[in-house]
Amino acid sequence: MDPVGVAAAPEAGPGPAWQSKCPWGTPKTASISCSLADVMSEQLAKELQLEEENAAFPEVVAVAEGPFITGENVDTSSDLMLAQMLQMEFDREYDAQLRREEKKFNGDSKVSISFENYRKVHPFDSDSSEDEVDWQDTRHDPYRADKPTITPKKGFIGKGKDITTKHDEVVCGRKNTARMENFAPEFQVGDGIGMDLKLSNQVFNALKQHAYSEERRSARLHEKKEHSTAEKAVDPKTRLLLYKMVSGGMLETITGCISTGKESVVFHAYGGNATEDDKVIPPECAIKVFKTTLNEFKNRDKYIKDDYRFKDRFSKLNPRKIIRMWAEKEMHNLTRMQNAGIPCPQVVILKKHVLVMSFIGQDQVPAPKLKDVKLNSEDMKKAYYQVVNMMQQLYKECNLVHADLSEYNMLWHDGKVWLIDVSQSVEPTHPHGLEFLFRDCRNVSQFFQKGGVAEALNERELFNAVSGLNITAENEVDFQAEKQFSETLTDFSTVFLMICSQI
Ligand code: ADP
Ligand code: MN
């Protein structure tokens, strides 16, 4: 209370009695004299206002926040009103305490006791079904009365002792039980729906929350399951594809897995009798299954994103389709190489992300990688010249840069080198084409130099020999610097060709 206000009140001069009692002080306009008619109408207005306040009072309280109502729209000149407001505050505090006790009483128990009926401020209880029960059962409600009893806005029907509020425990409880039908089908609600079970709002809301989180959890689990099978590359869809290849007679049997890489899984299979496009199926096949997880192709989109052959399609595709493009790319590149006479697997068939090709090796034993085979110096030298030759053919005749050429992707079979793994190969005009070629050259030079091939060119010389371009020892420094710089640029080859043209 404002002591100044109270002390000043007696000196406030003549005025209506309610003014001196008002603890919030006296309105300044009080001392202004006016005609009887004015006073009369003012009193009338005040009476009307008081009536309105009484009628609208609960609504005012409902929107109010904080311990006391201080809103400017609330007239503090009515003692009755102030008393009611105060009472309402006490009631709210009482209810808050009741809620705490209710919570403490029920703890984690699955069956809880509602203190709802002891609450003072029923219609505006924040725990009420109005706030939290957002499912309106539109389907058959076994407990719905024949003629639906509509609860009016005031929140209750009836008179005196027979008042039934919308919070009536029985009505509400039955409704809540019926609403359990709305939970996800997997959610076990028991046979409560068939019994005359009454669920308090609190229990129902807790159940509803639980049903929601169960639904979300099961969705997450499902996703995880899908993901983990995809990670092994042979998800149900792939399995079906492979099964069809066998049942269709294209493959006789799939014997087992040769390799599990980051991006693919390779299986060995014996070829079947069926012919595909008049092509005779090789007696032994390799099946390359491109993995359908996101992680791998993230690293790879650098290769395909800027490849003009796939440009239009890249932006429109979903991850699954992009994976198929990898398989398609490998098929196209292998075909180009085959046509140029480069030793490489022969394409048998492509089905989605599964590529079937001829097997390099014999009797289920894949040909060893150059990295794993111990060649004598003569074979090493022979292999080296063959590789240089193949790189040139690849560049000039196939218009391709392998882009992942190393002793890991070259197999030694039948006394010669076979190139594999060309899904990432690009055309030399690819923005990173020459950069990839330079990297290939470095891998090849280093491998054969270390392998004792004295004639092996260094990476720069090999690059020139393959590309027909001419970088010299002097401008190689520039080239390296530009290359590093251009790694952040998209159009590296333009920068690089500028250097070459200066020679
Ligand atoms: P990744 O992208 O996983 O490296 P690759 O095409 O290199 O895929 O294949 C992985 C491994 O599978 C190779 O290192 C090789 O051992 C084996 N492999 C792949 N294709 C064939 C094939 N046609 N014949 C025999 N072995 C193959
Ligand atoms: Mn590989």
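For the structure, see preceding data.
None of the values given here were measured: they were computed from a predicted structure. In every chain, residue numbers begin from 1 and rise along the written sequence. Written order decides the labels, with chains lettered from A and ligands numbered from 1. For a predicted model such as this one, the threshold for reporting local features is a pLDDT of at least 70, and the threshold for listing and counting side-chain atom pairs is 80 or more; totals across whole chains, interfaces and linings nevertheless cover every residue. Note that water and hydrogens are dropped before the side-chain values are worked out from all heavy atoms of the structure.

Caption draft 1: Molecular detail of the coordination of the manganese ion (ligand 2). Coordination of the manganese ion (ligand 2) by the protein comes from N409 (OD1) and D421 (OD), over a distance range of 2.1 to 2.2 Å. Here N409 is found in the loop between α12 (377–396) and β10 (410–413), whereas its partner D421 is found in the loop between β11 (416–419) and α13 (433–450), with 12 residues between them in sequence. D421 sits in the buried class, given a relative accessible area of 15%. Coordination partners: N, O, S within 2.8 Å of the metal, 3.2 Å for Na, K and Ca; water not considered, so apparent gaps in a site are possible. Secondary structure elements follow DSSP: runs of H or I no shorter than four residues count as helices, runs of E no shorter than two count as strands, and numbering proceeds from the N terminus. Burial classification: accessible surface area is computed with a 1.4 Å probe over protein chains only, and a residue below 20% of its type maximum counts as buried, one above 50% as exposed, and the rest as partly exposed.

Caption draft 2: Molecular detail of the sheet that holds strand β3 (residues 251–260). Two strands make a pair as long as DSSP finds a minimum of two bridges between them. Across the sheet, five strands lie side by side as β3-β4-β5-β7-β6; this open sheet has antiparallel pairing. The outermost strands of the open sheet, each flanked by one partner alone, are β3 and β6 (347–351). In this sheet, neighbouring strand axes are inclined to one another by 20° on average, regardless of whether the strands run parallel or antiparallel. By the bridge criterion, seven bridges tie strand β4 (residues 264–271) to strand β5 (residues 284–290) in an arrangement that is antiparallel. Bridging across to β5, F267 finds its partner in I287. The sheet strands contacting helix α11 (residues 319–339) are β5, β6 and β7 (354–358), and the helix crosses β6 at an angle near 160°. Axis geometry follows a simple rule: fit a line to the C-alpha atoms, using only the stretch in contact for helices, then measure angles between N-to-C directions, giving values from 0 to 180 degrees. Throughout, a contact is declared for two residues whenever any of their heavy atoms are within 4.5 Å.

Caption draft 3: A look at unusual backbone geometry. Although it is not a glycine, K352 sits at a positive phi angle of roughly 55°. Looking at the element boundaries, K352 is found in the loop between β6 and β7. For D363, which is not a glycine, the phi torsion comes out positive at approximately 50°. Assignment of secondary structure puts D363 in the loop between β8 (361–362) and β9 (365–366). With a relative accessible area of 55%, D363 lands in the exposed category.

Caption draft 4: The site of ligand 1, seen in detail. Put simply, a residue is near a molecule or strand once any heavy atom of it comes within 4 Å of that molecule or strand. Within the structure, ligand 1 sits among 17 residues, and S264, K288, I360, K369 and D421 are positioned closest to it. Note that a nitrogen atom of ligand 1 is positioned 3.0 Å from one of the backbone N or O atoms of S358. In this structure, N409 approaches ligand 1 through a side-chain N or O atom, which is 3.2 Å from an oxygen atom. In short, Shrake-Rupley with a 1.4 Å probe defines the accessible areas, and a residue's cover is counted only from the protein chains shown. In the complex, the protein chains occlude 91% of the 540 Å² of accessible area that ligand 1 would expose alone. Listed by contribution, the elements that provide at least two residues to the shell around ligand 1 are β4, β5 and β7. For this classification, Asp, Glu, Lys and Arg are treated as charged, while Ala, Val, Leu, Ile, Met, Phe, Trp, Tyr, Cys and Pro are nonpolar and the rest, including Gly, are polar. Taken together, the residues that form the shell around ligand 1 break down as eight nonpolar, five polar and four charged. Side-chain atoms alone can form a polar contact between residues adjacent in sequence; in general such a contact is a pair of N or O atoms within 3.5 Å, and within protein one must be able to donate a hydrogen while the other accepts it.

Caption draft 5: Representation of the pairing of β10. With burial as the criterion, each face of β10 is covered, one bearing M410 and W412 and the other bearing L411 and H413. Bridge count between β10 and β11: four bridges; the pairing is antiparallel. The residue bridging W412 from the neighbouring strand is V417, located in β11. Here β10 folds back onto β11 in antiparallel fashion, the turn holding two residues, of which D414 has a positive phi close to 60°.

Caption draft 6: Structural context of the packing of aromatic side chains. Put simply, two rings from Phe, Tyr or Trp (the six-membered ring, in Trp's case) pair if the centres are within 6.5 Å, and we call them stacked under 30 degrees between planes, edge-to-face over 60, tilted for the rest. Under the counting rule described, the total for this entry stands at four aromatic pairs. Their ring planes at 65° and their centres at 5.4 Å tell us that Y384 and Y385 sit as a pair that is edge-to-face. Of the residues examined, Y384 reaches a relative accessible area of 1% and is grouped as buried. With a relative accessible area of 42%, Y385 lands in the partly exposed category. These aromatic residues form a ring-pair network of at least three members: Y384, Y385, F447 and F448.

Caption draft 7: Spatial organisation of helix α8 (residues 236–247). With 12 residues, α8 extends 16 Å between its outermost C-alpha atoms, agreeing within 8% with the 16 Å of an ideal straight helix rising 1.5 Å per residue. T238, L241, L242 and M245 are the residues of α8 that are buried. Relative to the axis of α8, the buried residues are bounded by an arc of 95° and lie together on one face. Exposed residues pointing more than 90 degrees away from the buried face of α8 are listed as K237, Y243, K244 and S247. By this rule the span expected of a helix is its residue count minus one, scaled by 1.5 Å. Taking the helix axis as origin, the arc is that swept by the directions to the C-beta atoms.

Caption draft 8: Local environment of the environment of S445. Along the polypeptide, S445 turns up in helix α13. When neighbours within four sequence positions are excluded, S445 is seen to be in contact with L457, N458, E459 and L462.

Caption draft 9: Broad picture of the environment of V426. Within the secondary structure layout, V426 lies in the loop between β11 and α13. Separated by 119 residues in sequence, V426 and D307 place their C-alpha atoms 6.7 Å apart.

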